[in-house]
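Summary of structural features
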Amino acid sequence: MAQARSHCQVLGVPRDAPREEIRRAHRRLVQVLHPDRHVEASSAERTLAERRMREINLAWHVLSDTGRRTGYD
């Protein structure tokens, strides 16, 4: 069975990354993977993009807030 990726792995940042680096990584991934950028893609590709965006947004939600990040670490 595949092991779940950490929020840091989802965003491609080290565990000790500062908030600004996390923000930049989130924005970069959103610009590339946002489902609206895949309008002409197949249904499967759009579904994958939507799933990735949920992962990316959850990682941002947890890592961008000091309290949630402390609880996560």
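Here goes a summary of the coordinates provided.

Each value, and the rule that gives it
- Residues numbered from 1 in each chain as written.
- Predicted model: local features only at pLDDT ≥ 70, side-chain atom pairs only at ≥ 80, totals over all residues.
- Heavy atoms only, no water.
- Helix = DSSP H or I, 4+ residues; strand = E, 2+ residues; numbered from the N terminus.
- Expected span 1.5 Å × (residues − 1).
- Buried < 20%, exposed > 50% of the residue type's maximum accessible area, 1.4 Å probe, protein only.
- Contact = heavy atoms within 4.5 Å.
- Core = buried A, V, L, I, M, F, W, Y, C linked by side-chain atoms within 4.5 Å.
- Polar contact = N/O pair within 3.5 Å; in protein donor to acceptor, adjacent residues only side chain to side chain.
- Arc of directions from axis to C-beta.
- Salt bridge = Lys/Arg side-chain N within 4 Å of Asp/Glu carboxyl O.

**Description of helix 3 (residues 43-63)**
An ideal rise of 1.5 Å per residue puts 30 Å on 21 residues; helix 3 measures up with 30 Å between its terminal C-alpha atoms. Among all positions of helix 3, only Ala49, Arg52, Met53, Ile56, Ala59, Val62 and Leu63 are buried. Residues of helix 3 that are buried sit in contact with helix 1 (7-11), helix 2 (19-33) and helix 4 (66-72).

**Structural notes on the nonpolar core**
Membership of the largest hydrophobic core comes to 14 residues, with the highest contact counts inside it found for Leu11, Val13, Ile22, Leu29, Leu33, Ile56 and Leu63. Listed by contribution, the elements that provide at least two residues to this core are helix 1, helix 2 and helix 3. Counting residues per element, this core draws most heavily on helix 3, at 5 residues. Ignoring anything within four residues of it in the chain, the contact list for Leu11 reads Ile22, Ala25, His26, Arg28, Leu29, Ile56, Ala59, Trp60 and Leu63.

**Observations concerning the side chain of Ser64**
Topologically, Ser64 is positioned in the loop between helix 3 and helix 4. A distance of 2.7 Å separates the side chain of Ser64 from the backbone oxygen of Trp60, its partner in a polar contact.

**Observations regarding helix 2**
Here helix 2 spans 21 Å end to end across 15 residues, near enough to the 21 Å set by a 1.5 Å rise per residue. When we look at burial in helix 2, the residues that qualify are Ile22, Ala25, His26, Leu29 and Leu33. Here the buried residues of helix 2 occupy an arc of 100 degrees about the axis, which is enough to place them on one side. Buried residues along helix 2 sit against helix 1, helix 3 and helix 4.

**Focus on the pattern of salt bridges**
Counted according to the given criterion, the structure contains 4 salt bridges. Here Glu55 ties to Arg52 by a salt bridge, and the two come within 3.1 Å at their closest N and O atoms. Taken together, the residues span about one helical turn, with Glu55 and Arg52 both in helix 3 at a distance of 3 residues.

**Here we look at the environment of Pro35**
Along the chain, Pro35 turns up in the loop between helix 2 and helix 3. By relative accessible area, Pro35 is classed as buried at 18%. Ignoring sequence-local partners within four residues, the contact set of Pro35 consists of Ala49, Glu50 and Met53.

Purely geometric stuff here, so don't read any function into it on its own.
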